[in-house]
Amino acid sequence: MSHTASAPTPHKHRLYEDLLALPLGTLMISIGIVLFAKATVLTGGVAGLALLLQFATSADFSILFFVINLPFYWLAVIRMGWAFTLRTVAAVALISLFVWATPAWLRIETIAPLYAACAGGAAMGLGLLALARHRTAIGGVNILALYLQERHGVRAGWVQLGIDAAIFAAALFVLPLDKVAMSLVGTVVINAILAMNHKPGRYMAIS
């Protein structure tokens, strides 16, 4: 008589675990963004678009990031539910706040672009991973990527990597080629962390 192994039952995150993941994940992401901005290095997604607009116009990243994300919340509500959406709105607000406040807490005089790309990319990747495992996004492309992964099994990292290509094409008209190259390094680091660690079924806890 054959026996079919049953799938492991997902564990549910406790409320305090979700609450801790939000500030910790967004703080890691904001540190990565600050490193990128200091080195004039770009990333992908809405954060990348906000950085690109900041480099092109000198507008404030925090305001750009918060405003650009507003139209994407309807997708989060319709497809992912109110709990996910509220966590995402909170994450976007915290990142905007942390990026705005970090220069008063941490002053960086100079930074090598390659180091900024690698260290900033690692910080952002780990922060995104922490949020994703607690069903939280940072808006925009990340919402779309997580939706496609949850509903269709498409890896979030690869979805985001494809969309980022358009942002980098636009960056060629704003940044020097060497900065675009460093930006690609940082984005590869971010998406490699997500692709290797955020596969469907690998992490069983749910929020």
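Everything below is about the structure printed above this text.
Rules behind the numbers
- Residues numbered from 1 in each chain as written.
- Predicted model: local features only at pLDDT ≥ 70, side-chain atom pairs only at ≥ 80, totals over all residues.
- Heavy atoms only, no water.
- Helix = DSSP H or I, 4+ residues; strand = E, 2+ residues; numbered from the N terminus.
- Contact = heavy atoms within 4.5 Å.
- 1 Å grid on protein atoms, 1.4 Å probe; cavity = no way out; pocket = protein on both sides within 12 Å on 5 of 7 lines; lining within 4 Å.
- Points joined across faces, edges and corners; volume = space filled by probe spheres on them.
- Nonpolar A, V, L, I, M, F, W, Y, C, P; charged D, E, K, R; others polar.
- Buried < 20%, exposed > 50% of the residue type's maximum accessible area, 1.4 Å probe, protein only.
- Arc of directions from axis to C-beta.
- Core = buried A, V, L, I, M, F, W, Y, C linked by side-chain atoms within 4.5 Å.

> Any chance you could explain the side chain of Ser62 here in plain terms?
On the secondary structure map, Ser62 appears in helix H3 (residues 61-69). In this structure, Ser62 is in contact with Ser96, Val99 and Trp100, ignoring residues within four places of it in sequence.

> Just to check I follow, could you spell out empty space enclosed by the protein for this structure?
If you roll a probe as big as a water molecule over the atoms, it shows you where there is empty space left. Summed over the entire model, instances satisfying the criterion amount to one cavity of 30 Å³ or more. As a volume, the largest cavity reaches approximately 110 Å³. Within the residue set of the lining of the largest cavity, elements represented by two or more residues are helix H2 (45-57), helix H6 (113-132), helix H7 (140-152), helix H8 (156-171) and helix H9 (177-197). By residue class, the composition of the lining of the largest cavity is seven nonpolar, eight polar and one charged.

> Could you clarify how one ought to interpret the environment of Leu161 in this entry?
Relative to the elements of secondary structure, Leu161 occurs in helix H8. Once residues lying within four places of it in the same chain are set aside, the contact partners of Leu161 are Thr187 and Asn191.

> Is there a simple way to think about the layout of surface pockets in this case?
Space inside the second largest pocket adds up to approximately 260 Å³. Forming the boundary of the second largest pocket are 15 residues, of which Val34, Ala37, Lys38, Val99 and Pro103 lie nearest the centre. For the lining of the second largest pocket, the secondary-structure elements that each account for two or more residues are helix H1 (15-38), H2, H3 and helix H5 (82-105). At four residues, the largest contribution of residues to the lining of the second largest pocket is made by H1. Here the lining of the second largest pocket is built from residues that sort into ten nonpolar, two polar and three charged.

> Please explain H3 as it appears in this structure.
Each α-helix winds once per 3.6 residues, and so residues spaced three or four apart point in a common direction. When we look at burial in H3, the residues that qualify are Phe61, Ser62, Leu64, Phe65, Ile68 and Asn69. Each buried residue of H3 sits inside an arc of 165 degrees when the element is viewed along its axis, so together they form one side.

> Would you take a moment to explain the nonpolar core for this structure?
Formed by 52 residues in total, the largest nonpolar core has its most connected members in Ile29, Ile33, Leu42, Phe61 and Phe65. Ranked by residues supplied to this core, first place goes to H6 with seven residues.

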